[in-house]
Structure formats: structure tokens, C-alpha cells
Amino acid sequence: MPQPISLQRLTGGAAATFEEPFEMLHACHERVHRMLALLARLREHLRAHGADDQAQQAARDVMRYFDQAAPNHHLDEELHVFPPLLAQGSAEVQAAVRRLQSDHRQMETAWPLAREVLLRVASGTAYAPHSSDDDALDTFAGLYGEHIEIEEGQVYPAARAGLDEAATQVMGREMMRRRGVE
């Protein structure tokens with residue numbers, strides 16, 4: 001019997017809230033890492049067991065995250081984090097933000113191709129390793145590593161330092177509203 005392709009839940013620590021929007025952005029990155037790890041486990045599972053029930057559920061989980069949560073996360077950054085830095089950040093930070101914006105556009109382009117592979121898996125259709133299926137998933141997953149490092153190491157600290165408490169509260173409320181949480 002194959003091992004279940006489970007998504008490990010974060011344990012320990014307090015849950016992030018919209019009162020601390022940068023903590024929410026970091027928590028989203030943790031979920032991105034978990035989803036990409038699930039995607040990697042799914043690919044191994046597919047090679048060994050094909051598109052069985054476990055693979056189908058894992059594909060649906062990955063699609064759900066990148067269809068729903070990831071676009072909101074990118075919008076949070078595009079609306080609240082990037083504009084003040086482009087207007088008032090150092091030249092180095094501005095260059096980093098432009099790189100991240102370009103990454104977002106590449107992610108938006110790569111996701112439909114990766115999603116198509118996952119949609120086929122979710123419907124029980126065979127996965128073709130060492131083909132365009134792998135290429136689509138590799139391209140999509142590969143966009144996130146350095147992207148997240150730049151955000152967390154450079155851009156978020158600069159944005160956080162430049163936002164006062166009132167602007168941070170507005171950011172959190174708007175993030176909640178976008179998600180239908182009020």
C-alpha cells in the first residue's frame with residue numbers, strides 16, 4: 001500500500017493574524033513551501049503509483065492553493081508592499097521590487113501550464129514523467145525559491161520599516177476584505 005501523500009500542518013507558534021499583515025505574508029510563504037513540497041512528493045508518487053486516489057487529492061490540494069490563496073498573496077504585495085518602495089525605496093530595493101513584479105508575471109504565465117498537468121492528474125489521467133509535464137511543473141515550482149528569499153530578506157523589512165501603524169492597519173483590513181473575512 002503506498003504511503004499517503006499528506007500535507008504536513010505547521011505546528012507550534014501562534015497563528016498569524018491580519019492585525020500583523022507582514023506575519024500573514026510570511027505565513028503564506030510557509031504555505032507556498034508546503035505546497036511545493038507536496039507537489040514534489042506528488043511527482044514521486046505519480047512515478048511509482050500513477051494517478052491513484054491519493055495523487056488525485058494531492059493535485060486538487062495544490063490547485064486549490066495556487067488558484068485561490070496565491071493570487072491574493074501576490075495582490076497584497078502588488079497593492080501594499082511594492083508601491084511605497086518603488087516611490088521611496090533605495091535604488092537597490094526598487095530593483096528588487098521590479099524583479100519581484102516580473103516574477104509575479106512569470107508565475108501567472110507558468111501556472112496555467114502547471115495547472116493543466118495537475119488537472120489531468122486530478123481527473124485520474126496519467127502523468128508523463130520526463131516530458132512537458134515535468135517541464136511545466138519544474139518551471140512553475142522553480143520560480144518561488146529566490147523570489148521568496150528576496151521578499152523576506154530585503155523587500156518586506158524595507159516595506160515594514162516604511163509603513164506607520166495606521167498604514168499597516170489599513171493593509172491588514174484590506175487583506176481581510178479581499179479574502180471575505182470581516
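In this text, all values refer to a predicted model and were calculated from it rather than measured experimentally.

Chemist: Which parts of the structure should I look at to understand helix 3 (residues 91-122)?
Modeler: Given 3.6 residues per helical turn, the α-helix brings residues three or four places apart onto the same face. With 32 residues, helix 3 ought to run about 46 Å at 1.5 Å a step, and its terminal C-alpha atoms sit 45 Å apart, in line with that. Immediately beyond the C-terminal end of helix 3, within one or two residues, lies G124, with a positive phi of roughly 90°.

Chemist: Help me understand the pattern of salt bridges in this model?
Modeler: Any two side chains of opposite charge can pair if their charged atoms end up close together. Summed over the entire model, instances satisfying the criterion amount to 13 salt bridges. With a shortest N-O distance of 2.8 Å, D67 and R115 are connected by a salt bridge. With D67 in helix 2 (residues 53-88) and R115 in helix 3, this pair connects stretches of sequence that are 48 residues apart. For D67, a relative accessible area of 32% corresponds to the partly exposed category. On the basis of relative accessibility, which here comes to 27%, the residue R115 falls in the partly exposed class. The shortest N-O distance in the salt bridge between R178 and D76 comes to 2.8 Å. Pair noted here: R178 is in helix 6 (residues 165-178) and D76 is in helix 2, with a separation of 102 residues, a long-range link.

Chemist: Just to check I follow, could you spell out the environment of E151 for this structure?
Modeler: For E151, the position within the fold is in helix 5 (residues 145-162). In this structure E151 comes out as buried when scored by relative accessible area, which is 0%. C-alpha of E151 to C-alpha of V81: the two residues are 70 residues apart in sequence and 9.7 Å apart in space. Here E151 is in contact with H29, H73, E77, F82, L100, H104, Y156 and P157, once residues within four sequence places are set aside. Of note is the side chain of E151, whose polar atom sits 2.8 Å from the side chain of H147.

Chemist: Can you walk me through the confidence of the model for the protein in this structure?
Modeler: Reading fine detail from the predicted coordinates is not recommended where pLDDT is low. Chain-level statistics for the protein give a pLDDT mean of 91 and a share of 92% at 70 or above. Across residues 6-13 the pLDDT falls below 50, and counting only partners more than four positions away or on other chains, this stretch makes 10 contacts in the model.

Chemist: Quick question: what am I supposed to make of the nonpolar core here?
Modeler: Here is a general trend for soluble globular proteins: nonpolar side chains tend to be buried in one another's company. In this structure, L42, F66, L118, V121 and Y144 are the most contacted members of the largest nonpolar core, which totals 32 residues. The contacts of Y144, once residues within four sequence positions are left out, are V32, L36, F66, H74 and M107. F82, V93, V155 and L163 belong to the second largest nonpolar core, which has 18 residues in total.

Chemist: Sorry if this is basic, but what is going on with the environment of H33 here?
Modeler: Here H33 shows up in helix 1 (residues 21-49). The exposure class of H33 is partly exposed, given its relative accessible area of 43%.

Chemist: How should I be thinking about the packing of aromatic side chains in this particular structure?
Modeler: Two aromatic rings, taken as a pair, are described by how far apart their centres are and by the angle between their planes. Within this structure, the stated rule accounts for seven aromatic pairs. Geometrically, the ring pair formed by F66 and F140 is edge-to-face, given 4.9 Å between the ring centres and 90° between the ring planes. Taken together, the residues span a long stretch of sequence, with F66 in helix 2 and F140 in helix 4 (residues 132-142) at a distance of 74 residues. Members of the aromatic cluster, each reached through a chain of ring pairs, are Y65, F66, W111, F140 and Y144.

Chemist: Can you walk me through helix 4 in this structure?
Modeler: All buried positions along helix 4 are accounted for by D133, D134, A136, L137 and F140. Buried residues of helix 4, seen end-on, are gathered within an arc of 160° and therefore sit on one face of the element. Exposed and facing more than 90 degrees away from the buried side of helix 4 are S132 and G142. Contacts from the buried residues of helix 4 go to helix 1, helix 2 and helix 3. The backbone nitrogen of D133 has a side-chain oxygen 3.0 Å away, supplied by the residue at the start of helix 4, namely S131.

Criteria and cut-off values
Residues numbered from 1 in each chain as written. Predicted model: local features only at pLDDT ≥ 70, side-chain atom pairs only at ≥ 80, totals over all residues. Heavy atoms only, no water. Helix = DSSP H or I, 4+ residues; strand = E, 2+ residues; numbered from the N terminus. Expected span 1.5 Å × (residues − 1). Salt bridge = Lys/Arg side-chain N within 4 Å of Asp/Glu carboxyl O. Buried < 20%, exposed > 50% of the residue type's maximum accessible area, 1.4 Å probe, protein only. Contact = heavy atoms within 4.5 Å. Polar contact = N/O pair within 3.5 Å; in protein donor to acceptor, adjacent residues only side chain to side chain. pLDDT = per-residue confidence, 0-100. Core = buried A, V, L, I, M, F, W, Y, C linked by side-chain atoms within 4.5 Å. Phe/Tyr/Trp six-rings, centres within 6.5 Å; stacked < 30°, edge-to-face > 60°. Arc of directions from axis to C-beta.

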